[in-house]
Structure formats: C-alpha cells, structure tokens
Amino acid sequence: QVQLVESGGGLVQAGGSLRLSCTASGRSSSTYVMGWFREPPGKERNLVAAINWRSGNAYYADSVKGRLTISRDNSKNTMYLQINSLKPEDTAVYYCAADPPGWGPGIVEAEFKSWGQGTQVTVSS
C-alpha cells in the first residue's frame, strides 16, 4: 500500500497563495489516481481535486475551480496542490489520498484506499 505524506500547510493571510505537497512512497504504476480532500472545522471531508497520474487529466470541485491547480511530478512521486487567492473558507485540514477504484465521473463519491495524515491550512482575514 502506498504511503502518503503531506506538507506545506500553514497560516496565511487571505489573498495569499500556498502549495501543498504529497509524497507517495512505494507508489507503483497501479496507483494512478490521487486526490486532495479537505475537511473544514465541523464539516465533512470532501474531494476538491484529483489527478490521473497517467494522462494528467484533472478533476476540480466547482467550489474551487479557477483557484486550485493540481499537478504531479513523476520523477519525485509527488503530487501538488497550488491554492491561490486564499479565502478564510479555505481553512481546513487538507488530506492527500490515493487509489480509488478508478478514474471517471464517479471520482467524487469514490472510496480512496490510502490516506495521508493531513496538513492544516488556516487562512486569516
């Protein structure tokens, strides 16, 4: 099972930017879909972005389109989430996840098998 470690969270002011990283140790070619979830305080954890490692195709939740960019670096087995124009409502624990059953329209409701420990992002107004 792939091991995921997130980094890059922190306290930032509204309007700023942040880049989160997720390093996947032990990733094989079978792990080709990874994603970023976030869990705001007192709310559910939801998928905000996902990437197909093979094609580079990406999914974004409507609520974050235009401000978030997901990417990956094959040579480093690392996935990134660039968040621009940060808002206080972006405050959440951000989790990296991997290995849903597949890639497609059902990615939003898919169950991901592997999870990182999460990294806190706090946006001050």
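As a reminder, the structure under discussion sits directly above these lines.
Now for a description of the structure that goes with this document. Since we're looking at a predicted model, the values are computed, not measured.

1. So, the state of the cysteines
Then comes step 1: If you walk through the whole model with that rule in mind, you get 1 disulfide.
Then comes step 2: Paired through a disulfide, C22 and C96 show a sulfur-sulfur distance of 1.9 Å. Taking the torsion about the sulfur-sulfur bond, which here is approximately -65 degrees, the covalent link between C22 and C96 counts as left-handed. On the criterion of sequence distance, the pair formed by C22 in strand β3 (residues 18–25) and C96 in strand β9 (residues 92–98) is long-range, its members being 74 residues apart. A single burial state applies to C22 and to C96, both of which are buried.

2. Topic: the pattern of salt bridges
Then comes step 1: Per the counting criterion, the structure on display carries 4 salt bridges.
Then comes step 2: Salt-bridge contacts for D90 lead to R38; the nearest nitrogen and oxygen are separated by 2.9 Å. Separated by 52 residues along the polypeptide, D90 in the loop between β8 (78–83) and β9 and R38 in strand β4 (residues 33–39) bring together distant segments of the chain. R38 carries the same exposure label as D90, and that label is buried.
Then comes step 3: Note that E39 is salt-bridged to R45, the shortest N-O span being 3.1 Å.
Then comes step 4: Overall, the relative accessible area of 28% leaves E39 in the partly exposed class.
Then comes step 5: Salt bridges linked by common partners bring R38, R67 and D90 together as one network.

3. Quick look at the sheet that holds β8
Then comes step 1: Taken in spatial order, the 4 strands make up an open sheet running β1-β3-β8-β7, and their pairing is antiparallel. Bordering the open sheet on either side are β1 (3–7) and β7 (68–73), each of which pairs with just one other strand. Adjacent strand axes in the sheet meet at a mean angle of 20 degrees, parallel and antiparallel pairs treated alike.
Then comes step 2: The sheet contact formed by β1 and β3 spans 5 bridges and is antiparallel. Bridge pairing in β3 links E6 to C22.

4. Notes on the pairing of β3
Then comes step 1: Note: β3 against β8, 6 bridges, orientation antiparallel. Bridge pairing in β8 places S21 opposite Y80.

About the criteria used
- Residues numbered from 1 in each chain as written.
- Predicted model: local features only at pLDDT ≥ 70, side-chain atom pairs only at ≥ 80, totals over all residues.
- Heavy atoms only, no water.
- Disulfide = S-S within 2.5 Å.
- Helix = DSSP H or I, 4+ residues; strand = E, 2+ residues; numbered from the N terminus.
- Buried < 20%, exposed > 50% of the residue type's maximum accessible area, 1.4 Å probe, protein only.
- Salt bridge = Lys/Arg side-chain N within 4 Å of Asp/Glu carboxyl O.
- Pairing = 2+ DSSP bridges.
- Axes fitted to C-alpha atoms, helices over the stretch in contact; angles between N-to-C directions.

This is a description of form; function is not addressed.
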